[in-house]
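A structural walkthrough
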Amino acid sequence: MLVVSVGLGASTLSGAQTRRVGNDAACTHSSLQAAIDSVPVSTSGITEIAIASNQAYSAQALTIQNRRVLLRGGYANCGTVSATPGARTPLSGAGNGGQPVLRVIQGNTNTGLVQLEALDITGANHDGDGGGVYASGPMQLDFVGVRLRENRAGRGGGLFVQGMAGQAPTAISLTSPSAIFASHIENNTAISGGGAYLDASANVVISLILGDDASIRRNQASEDGGGVSARGDGASVTMRGPSLDAADSEHGIFANQAARDGGGAYLSNRAVLRSSQFGNNLPPQIAQNGAGRDGGGIVLNSATALLAQTFVRDNVAGASQPGRGGGFYLLGTSFAVLRGAPNETAPDHPCRTNLPCAALSGNRAGSGAHAGIGGAAHVTAPAIISISQAAVQGNQADDAALALLTGENADLDLRGALISAHAGNGALIVARDRARLTLVGTTLAENLQIGPALRLENVSLDARGSILDGGTSTVVQSVGTNTLETRCVIASENFHASGDVRVQDPRLLDPAAGNFSLTSDSPALDACDNFGDVPVDAYDLDGRARGVDLPALADLGGPFDIGALERPSPEAIFRDGFE
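The structure displayed is predicted, hence computed values, not measured ones.

**So, the state of the cysteines**
Evaluated as defined, the whole model comprises 2 disulfides. Residue pairing for cysteine 27: its cysteine sulfur links by disulfide to cysteine 78, the two sulfurs lying 2.0 Å apart. Sign of the S-S torsion, about 95° for the bond between cysteine 27 and cysteine 78, identifies this disulfide as right-handed. Within this pair, whereas cysteine 27 is found in the loop between β1 (19–21) and α1 (32–37), its partner cysteine 78 is found in the loop between β4 (69–75) and β5 (89–92), the two being separated by 51 residues in sequence. For the pair formed by cysteine 27 and cysteine 78, the shared burial category is buried. With its sulfur 2.2 Å from that of its partner, cysteine 488 forms a disulfide with cysteine 528. Handedness here is read from the sign of the S-S torsion; for cysteine 488 and cysteine 528, about -135°, the answer is left-handed. Here cysteine 488 is found in the loop between β53 (483–487) and β54 (489–491), whereas its partner cysteine 528 is found in the loop between β57 (515–518) and α2 (570–575), with 40 residues between them in sequence. The residues cysteine 488 and cysteine 528 share a single accessibility class, namely buried.

**Comments concerning the packing of aromatic side chains**
If you walk through the whole model with that rule in mind, you get 2 aromatic pairs. Seen in terms of ring centroids, tyrosine 134 and phenylalanine 160 are 5.5 Å apart; in terms of plane orientation they differ by 10°. Their pairing is stacked. Note that tyrosine 134 is positioned in strand β9 (residues 133–136) and phenylalanine 160 in strand β13 (residues 159–162), a separation of 26 residues in sequence. Phenylalanine 160 gets classed as buried once you look at its relative accessible area, which sits at 0%. Measuring from centroid to centroid gives 5.7 Å for phenylalanine 160 and tyrosine 197, while their planes differ by 20°, and the two rings are stacked. A residue pair is termed long-range when its members are at least 10 positions apart, and phenylalanine 160 in strand β13 and tyrosine 197 in strand β17 (residues 196–199) qualify at 37 residues. As far as the burial class goes, phenylalanine 160 and tyrosine 197 line up, both buried. An aromatic cluster is present here, built from Tyr134, Phe160 and Tyr197 joined pairwise through their rings. If you follow arginine 155 out to its NZ or CZ, it ends over the ring of tyrosine 197, 4.7 Å from the centre.

Criteria and cut-off values
- Residues numbered from 1 in each chain as written.
- Predicted model: local features only at pLDDT ≥ 70, side-chain atom pairs only at ≥ 80, totals over all residues.
- Heavy atoms only, no water.
- Disulfide = S-S within 2.5 Å.
- Helix = DSSP H or I, 4+ residues; strand = E, 2+ residues; numbered from the N terminus.
- Buried < 20%, exposed > 50% of the residue type's maximum accessible area, 1.4 Å probe, protein only.
- Phe/Tyr/Trp six-rings, centres within 6.5 Å; stacked < 30°, edge-to-face > 60°.
- Lys NZ or Arg CZ within 6 Å of the ring centre and 35° of its normal.

Treat this as a map of the structure, not an account of what it does.
The following block contains the structure:
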């Protein structure tokens, strides 16, 4: 589905039909609700309501029903033609009898259109659904330079959205006129969905889009979904990265807390989370969220996450009890993808200089008082997670510092990934009970876990074109009956005598300093034929093409280098300014 956000243009008043609310002679109304009610029900056009800041708007319990309106704040008084740049008009629900600040209801078969601009919606204390804004029915609801802050509700402290069965989609967007005038859902509380709650249980289509510089941040849930909770087939949350001149680093889904599960986001029943870097924007992020139990960053419960050029970083699970999955916690029929888009095939989505294309880094399961497992990810069958062209670094847990896979067909697929700097008392990756682990074109080195790199317990391992350096630990600890397939693997020990494991020093440039490139005399150069079987394998960690034949080097087995980074041709090295 394509969701189109209608542009508001300049913040100036025009037309005799504009309502002006405030406390001076130029105002048409003193009551905001009266101004809304004066707008006729319509299926086309939009009526502006300009809101002056020369009076207080307290105890607000507003309703927009079956009307197409633009509520625009930021005006000093009703006689002002242009809104004050960067100014927001507060609408407070404090003292309104425990209601949402604003209800937007589209009860007929037509698609409604409501646009909110330059408002500060705050102060609700509601036991039901939706604290700041409650939206129901087929509509397009746009927030432009709006803050939904410090509201409380049972579900959706800042925003609650519910579709209508058999009707058109409900589309919500948060956009920002500038980096310093962004839209935020922040500091709200709820039982579930501290920032926002999307209810698509009636098989409706609901989409929430976070545009440039927008955020869901510092919200809290006493149960699950500290930032956002999305449930039902048809519910989707889409994120875009911030602009280059972003005013702060607290963008995306940031620093939310859930007392139970899903600190950043909790998705279930086929809901979808999407993210992508657009144009020259910075990568979107799901960062610094925390869960009391499972899924510090994201919980997928029979749901999907499709994350392109995204950073999932510094999330924590297990803050108040034993925790699983610092970055991701997957169960049921869930599917997660984290990938860095290749430069060659996505010129409009270039990776930022000196940043990885995608990252799963700094996540942690467990705290000092509570044990944790699966620092970056915990995957329970039949869930699947695929990570490609990503830096997977610095995750921590008591065991399975990177990931735990458990159950038949629980699947972790790592392609073109760099795995380093993990820490924990146990293994790096634990796979058990007929799970599947795939490593293709990946470099695993310079990790600090005490146990083996891979602990395999009755599972299958497919390792191709990868560097597996266990350091002072063993590469593979095998328990029970495991099925191994290896091809073009350089490792610190021969863990598969009947396979293709080469016990060699891969000669990485300076791994201790974080440079995992291959030196000019590395045995990993031109060492394999094409070990990949899907298009993503055609690119390395930095999005460079695989299979670059080095003419001065005799092929040891083909033009493909082993590990996450393909050594460029001499011409490319010269062109990029390297020596």
